[in-house]
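Listed below are the residues making up each chain.
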Amino acid sequence: MEEEIADISERLNGPGMPGLKGSLLDKQGFPRSDIDVAAVRRDRHRLICLTNDHRDVSDRLAALLADLHAAMREQAAAAQPSQAAPQPAAAAGAPATTSSAPMDVDGGATAATSSGGEAALATGAAGPAGTAAVAAAAAAAAPLPAAAPSGPALVPFALVDEVSEGSPAASAGLQVGDLLCSFGDVSGAGAREASPGAPPSEQQQQQPQQQQQQVLQLASTAALLQRVAGVLGASEGQAVAATVLRQGAPVVVSLTPQRWSGRGLLGCHLKPL
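The structure contained in this document is the topic of the report that follows. It should be emphasised that the depicted structure is a prediction, and the values quoted were computed from it without experimental measurement. (Residues numbered from 1 in each chain as written. Predicted model: local features only at pLDDT ≥ 70, side-chain atom pairs only at ≥ 80, totals over all residues. Heavy atoms only, no water.)

For the chain, the helix and strand inventory stands at nine helices and six strands. Buried positions account for 28% of the 273 residues belonging to the chain. Pairs at least 24 apart in sequence give 68% of the contacts found in the chain among residues at least 6 apart. Surface summary for the chain: the accessible area is close to 16,500 Å², and the carbon and sulfur share equals 58%. (Helix = DSSP H or I, 4+ residues; strand = E, 2+ residues; numbered from the N terminus. Buried < 20%, exposed > 50% of the residue type's maximum accessible area, 1.4 Å probe, protein only. Contact = heavy atoms within 4.5 Å. Areas by Shrake-Rupley, 256 points an atom, 1.4 Å probe, with all protein chains shown as cover.)

With that out of the way, let us pick up the environment of Ala-153. Structurally, Ala-153 is set in the loop between α6 (127-140) and β1 (158-163). Taking the C-alpha atoms as reference points, Ala-153 and Cys-181, 28 residues apart in sequence, are found 9.0 Å from one another.

Picture a little ball the size of a water molecule; that probe, rolled over the atoms, points out where space is still empty. Of the voids in this model, the largest pocket is the one considered here, and its volume is about 1,500 Å³. Lining the largest pocket are 48 residues, and of these Glu-2, Glu-3, Ala-6, Ala-229 and Leu-232 sit closest to its centre. Secondary structure elements with two or more residues in the lining of the largest pocket: α1 (2-12), α2 (37-84), β1, β2 (179-183), α9 (209-234) and β6 (268-272). With 11 residues, α9 is the single largest residue contributor to the lining of the largest pocket. Split by residue class, the lining of the largest pocket holds 25 nonpolar, 14 polar and nine charged. Residue-level mapping places the lining of the largest pocket at the junction of two domains, with at least three residues from each of domain 1 (1-70) and domain 2 (158-188 + 217-272). (1 Å grid on protein atoms, 1.4 Å probe; cavity = no way out; pocket = protein on both sides within 12 Å on 5 of 7 lines; lining within 4 Å. Points joined across faces, edges and corners; volume = space filled by probe spheres on them. Nonpolar A, V, L, I, M, F, W, Y, C, P; charged D, E, K, R; others polar. Domains from an automatic or database assignment.)

Attention now moves to the pattern of salt bridges. Any two side chains of opposite charge can pair, given that their charged atoms come close. Taken as a whole and judged by the stated rule, the model has seven salt bridges. As a salt-bridge pair, Arg-263 and Asp-7 come within 2.5 Å of each other at their nearest N and O atoms. Of this pair, Arg-263 sits in the loop between β5 (249-255) and β6 while Asp-7 is found in helix α1, placing the two residues 256 residues apart along the sequence. Between Asp-34 and Arg-32 there is a salt bridge; the shortest N-O distance is 2.9 Å. Overall, the relative accessible area of 55% leaves Asp-34 in the exposed class. (Salt bridge = Lys/Arg side-chain N within 4 Å of Asp/Glu carboxyl O.)

All right, on to the pairing of β5 then. In the case of a regular strand, side chains alternate between the two sheet surfaces. Bridge analysis of strand β4 (residues 240-246) against β5 gives seven bridges, and the strand direction is antiparallel. When the sheet's bridge partners are listed, Arg-246 is paired in β5 with Ala-249. (Pairing = 2+ DSSP bridges.)

Okay, the environment of Leu-270 next. Of note, Leu-270 is situated in strand β6. Taking the C-alpha atoms as reference, Leu-270 lies 9.4 Å from Val-163; in sequence the two are 107 residues apart. Among residues more than four places away in sequence, those in contact with Leu-270 are Ala-158, Leu-159, Val-160, Asp-161 and Leu-180.

Below, the structure written as structure tokens:
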């Protein structure tokens, strides 16, 4: 859908074409003879339909994503009482006292779940079992300081599976197999942040974790590719910094969207991950 939108927009904005909203009449008020007026009208109508369909799909995916994050927050909240229950039994026969270390561990786990959103999914520690394992490990050893990040996390969201010869993408050094992590201000890491949503229904709460991950990935990728298309259209003739993973190593390339002899403004194809 997004590729067809880009193709129609490129065709309507080509040399001598009226664009998306340009007049189809000449100065005397007659249909222009230098263009195919009927084809332009068909393209414009098709573009409007595709844009509306794309917006509807994006809205539905956003709603599913909000429901998923709400379900994850409820699971994290339900896990806390189960963590605290075994502690009095372990301290049987001793005076009832409270320890600051377990409270620090619980607080840290809660903060990580609410702020990171996808941290549990990324590490495989989702649900009560994963959180309990983290608490047990922290209680057995002294707390470790958080490692200082060397830079923003690189999260690929699209695969470069085609680069046309002589295209702006080829001139910039983009290669087939590169994993796109960021394009301008669009970053795959930002899509992993949780967003507030309405409480989920019972059916949504019972969804398998694998299905939840698929919904999350689909919604994130669709939103990211939509933003990439917007940046691409607004940056024609201007250099845009992009970060890719090439054989596991980060590489920064400077891409300049522009018209050339082939299709598109870059001459490459992105496959959603």
